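Spelled out from the first residue to the last, the chains are:
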Amino acid sequence: HRFVDGGMSDGGSFINAVSGIVNRGCHDPPCKTGEVDGMSERAGNFDKVLSLTLLPNKDEIEIPTKAEEFSVESPHGTPSEGHDIKPFEPVKGETSAKEVLAILDQIKDRIDNEVFLYQGSEPSTVYRYQGFKSGLQVMFDSGVAGKFFYLGDDSSNGYLYGLVNIAAFLGQSMKETIQYDACDENSWDLVNSKYPLSNACGQLGQSYQDYHCSEEEKHMECPVDPNMSIKGVTHAKWYGAPGPLFCGPKSEYPFTGYWDYGYECNNPWADPPEYCTDYEGQRAGRYDNTEPVENSAGRTDVEGCCWWGRGVIQTTGICNFGKLNYFLGARAAEEGRPSRYPTIDFCKDPEIICSSKEFTELKWIAGMFYWVESLQSYNERGWNYFAELHRFVDGGMSDGGSFINAVSGIVNRGCHDPPCKTGEVDGMSERAGNFDKVLSLTLLPNKDEIEIPTKAEEFSVESPHGTPSEGHDIKPFEPVKGETSAKEVLAILDQIKDRIDNEVFLYQGSEPSTVYRYQGFKSGLQVMFDSGVAGKFFYLGDDSSNGYLYGLVNIAAFLGQSMKETIQYDACDENSWDLVNSK
C-alpha cells in the first residue's frame with residue numbers, strides 16, 4: 001500500500017524486498033543465505049508487467065492510446081485502410097529535437113540501467129547513454145549525405161514521431177548487439193561443429209569485402225588492402241566463446257584454422273604452464289591453426305577480410321565503411337567537404353568504431369548511419385517508413401505490432417512483410433518487446449514539464465492512508481477482500497490477455513511459453529481469490545479509491561518473480577541444475 005499510495009516510485013525498494021523474500025528469505029538483501037539471483041531482472045519483470053497492467057482505463061476497461069494520454073491530434077488525418085500515404089520527405093524539427101533530447105535526459109539513468117543491458121540484466125560495458133546521446137546529436141546535426149536521424153517535426157505529434165523512431169532503433173539494437181555487450185561482430189557460424197577463423201571474411205556464406213556500392217556510389221567505397229592487419233576488441237562472453245575476429249595478409253596467415261571452444265586453456269600444472277590469454281575474461285578455448293578450416297564460403301585465409309560488422313547495428317562491408325569515411329571521416333576533409341572526424345580514416349582503420357576511447361559515439365553513429373540509409377530511406381512496394389511511422393503515431397500507437405514487425409523484417413531480413421525470401425525474422429517477438437519497453441519508458445515524462453510523473457498521478461488517485469513519515473512503519477492491517485476491485489482487476493487483465501501471453505509468458509524472453517498461458521493463470525487466480533487456502537486469499541485489492549491498483553501491483557510482483565523462477569525456462573517441474581564434480 002505504501003508503494004501505491006506513494007506514487008509507485010520508490011527506487012526499487014518494494015520490488016527488491018519482494019525479490020529478497022522470494023529468492024533468499026529476507027526483505028533486506030543481501031540475506032544470510034546469499035545474494036539475490038537476478039535482482040535487476042526481477043525488477044525489470046515487475047516493471048514490465050506493471051506497465052502493461054496499467055495501460056487500460058479501469059472505468060472504461062479499454063486500452064487508451066498514447067496519443068490520447070498526451071492530448072495530441074493527428075496533423076495528417078487517418079488514411080483509409082489499404083491506401084498508402086503519399087511518401088514525403090521528413091522535416092527537420094528543431095523544437096521536437098530539443099523536446100526529445102530533454103525527455104531522454106530525464107530518463108538517462110533508466111536507459112543505462114533498464115535498456116542498455118547485457119543478457120537482459122547487467123548494465124552493458126560497451127553501450128552507455130552518453131555515447132548514445134553524442135551519436136544522436138551528431139547524426140541529427142550533421143547527418144550523412146544530407147540525411148539525418150529523424151527526431152520528429154514541429155507538428156503537435158512531432159516529438160512523438162521522434163520518440164517512436166528512437167524506440168524502433170533501440171529495440172533492434174538491443175537484439176542485435178547490446179544484449180551481447182559486443183561492438184565487433186561475434187564469430188557465431190558453426191561449420192562442421194567448428195568456428196572457422198575465416199568467419200572474419202563473412203558468415204553464412206557471405207563475403208563482406210565484396211559488399212560493393214551501387215554504380216552511382218561506387219566511388220565512395222573503401223579499397224580492399226590485402227596487407228591490412230586488424231584484430232577486434234570485443235567478443236562473446238560465454239564459457240569457451242570464440243576470441244575476437246582478425247584479418248591479415250597471407251604472408252602472415254597462409255591459412256587459418258578454427259576456434260577450439262572445448263579446449264581447457266587454464267592449466268598451470270602443464271609443462272610449460274598454460275593460461276587463457278587470448279582475451280580478457282577468457283575461461284576456455286584457443287585459436288587452433290594446425291590445419292586449414294573452411295568457412296561457409298570455402299575460405300581458409302583472412303586476407304582483405306577486415307570488414308566484419310561493427311557498431312550497434314553492425315555496419316558491414318566496404319561500401320558502408322566507405323560512406324562513413326566519405327561523409328564523416330578523413331576523405332571528406334581531404335576532398336574539401338565538411339568532416340566531423342577529419343583525422344579518422346574509416347577505410348584504413350574500420351576498427352576505430354569499436355576501439356576509440358575518445359569518440360565513444362562512433363559505435364552508435366555506425367548504427368544510426370545504417371538506420372538513416374536503410375530504414376528511414378525504405379520505400380518498397382507501397383510501404384514507406386516515414387509514412388508508416390506517422391500512421392502508427394497518428395493512429396494511437398496501437399496497431400497489433402504491424403509497424404514494429406515490419407521494421408524487424410527490414411532490419412533482419414530485408415523486407416517489410418516477413419517471412420522474406422531470406423528466411424524467418426530472428427527474434428520477432430523479442431524485438432517487438434524491446435520496442436514496447438523503450439517506447440513506454442520514453443513516454444513517461446511529460447514533454448511540457450520534462451519530469452517523470454508518478455503512476456498515481458496518471459490515474460488521478462489519492463491515498464486513503466495518508467503519507468507515512470519516512471522511517472516510520474504503517475500500522476500493520478489485515479487485507480480486506482475487495483469484491484469490486486477484484487472484478488476491475490480481472491476485467492483489466494482480460495483486456496490485455498493476448499499481450500500477457502505474447503510479452504510476459506515468454507520462454508527465454510522471446511518465444512511464447514508452452515507451459516504458462518493466460519487462461520490457466522486466470523483460472524488459478526480466481527480459485528485463489530474465491531476459495532483461497534486456510535482463510536488466506538490472493539489479494540486483488542480493497543474497495544478504496546486505490547483498491548484496484550493494490551491488486552495490480554500484487555499481481556505484477558507475483559508475475560515478476562515467476563518470470564525469473566520458471567516461466568523463462570518453460571518449466572513446471574524443477575530442472576536438474578546442481579552440477580557435482582562435472583556431473
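Here, the structure is the one placed above.
Residues numbered from 1 in each chain as written. Predicted model: local features only at pLDDT ≥ 70, side-chain atom pairs only at ≥ 80, totals over all residues. Heavy atoms only, no water.

1. Looking at the side chain of Glu185
Then, in step 1: Mapping Glu185 onto the fold places it in the loop between helix H8 (158-176) and strand S3 (195-196).
Then, in step 2: Arg310 provides the closest opposite charge to the buried, unpaired Glu185, separated from it by 7.7 Å.
Then, in step 3: Here Gln203 takes part through its side chain, which lies 2.7 Å from a polar atom of the side chain of Glu185.
Then, in step 4: Side-chain polar atoms of Glu185 contact the side chain of Tyr208, separated by 2.7 Å. (Helix = DSSP H or I, 4+ residues; strand = E, 2+ residues; numbered from the N terminus. Buried < 20%, exposed > 50% of the residue type's maximum accessible area, 1.4 Å probe, protein only. Lys, Arg positive; Asp, Glu negative; His and termini not counted. Salt bridge = Lys/Arg side-chain N within 4 Å of Asp/Glu carboxyl O. Polar contact = N/O pair within 3.5 Å; in protein donor to acceptor, adjacent residues only side chain to side chain.)

2. Examining the nonpolar core
Then, in step 1: One finds Phe132, Phe149, Phe169, Trp364, Trp371, Tyr385 and Phe403 to be the most contacted residues of the largest nonpolar core, which totals 102 residues.
Then, in step 2: It is H8 that contributes the most residues to this core, 11 residues altogether.
Then, in step 3: Not counting chain neighbours up to four residues away, the residues in contact with Phe132 comprise Leu104, Phe116, Ile166, Phe169, Leu170, Trp364 and Met368.
Then, in step 4: Counting 36 residues, the second-largest nonpolar core is a separate cluster that includes Tyr518, Leu525, Phe538 and Ala557. (Core = buried A, V, L, I, M, F, W, Y, C linked by side-chain atoms within 4.5 Å. Contact = heavy atoms within 4.5 Å.)

3. Structural notes on the pattern of salt bridges
Then, in step 1: In total, this model carries 25 salt bridges according to the counting rule given.
Then, in step 2: For the salt bridge of Glu565 with Arg42, the shortest nitrogen-to-oxygen distance reads 2.7 Å. In this pair, Glu565 sits in helix H20 (residues 547-565) while Arg42 sits in helix H3 (residues 39-53), placing the two residues 523 residues apart along the sequence.
Then, in step 3: A residue is classified by how much of its surface remains accessible, and Glu565, at 35% relative accessible area, is partly exposed.
Then, in step 4: Arg42 sits in the buried class, given a relative accessible area of 1%.
Then, in step 5: Where Asp501 meets Arg517, a salt bridge forms, and the shortest distance between an N and an O atom there is 3.6 Å. With Asp501 in helix H18 (residues 497-504) and Arg517 in the loop between strand S11 (511-512) and helix H19 (518-530), the pair connects residues that are 16 residues apart, well separated along the chain.
Then, in step 6: A relative accessible area of 15% means that Asp501 is categorised as buried.
Then, in step 7: Given a relative accessible area of 28%, Arg517 falls into the partly exposed group.
Then, in step 8: Taken together, the shared-partner salt bridges connect Lys147, Glu217, Lys323 and Glu373 into one network.

4. A look at the packing of aromatic side chains
Then, in step 1: Counted according to the given criterion, the structure contains 33 aromatic pairs.
Then, in step 2: Considering the side-chain rings of Phe132 and Trp364, the 5.1 Å spacing of their centres and the 65° angle between planes classify their relative orientation as edge-to-face. Of the two residues, Phe132 is situated in helix H7 (residues 129-141) and Trp364 in helix H12 (residues 362-375); the sequence distance between them amounts to 232 residues. Of the two residues, Phe132 and Trp364, neither departs from the other in class, the shared state being buried.
Then, in step 3: The ring of Phe140 has Lys92 lying over it, and the distance from NZ or CZ to the ring centre is 4.9 Å.
Then, in step 4: Sitting over the ring of Tyr263, Arg286 keeps its end group 3.8 Å from the ring centre. (Phe/Tyr/Trp six-rings, centres within 6.5 Å; stacked < 30°, edge-to-face > 60°. Lys NZ or Arg CZ within 6 Å of the ring centre and 35° of its normal.)

Read these as geometric descriptors, not functional statements.
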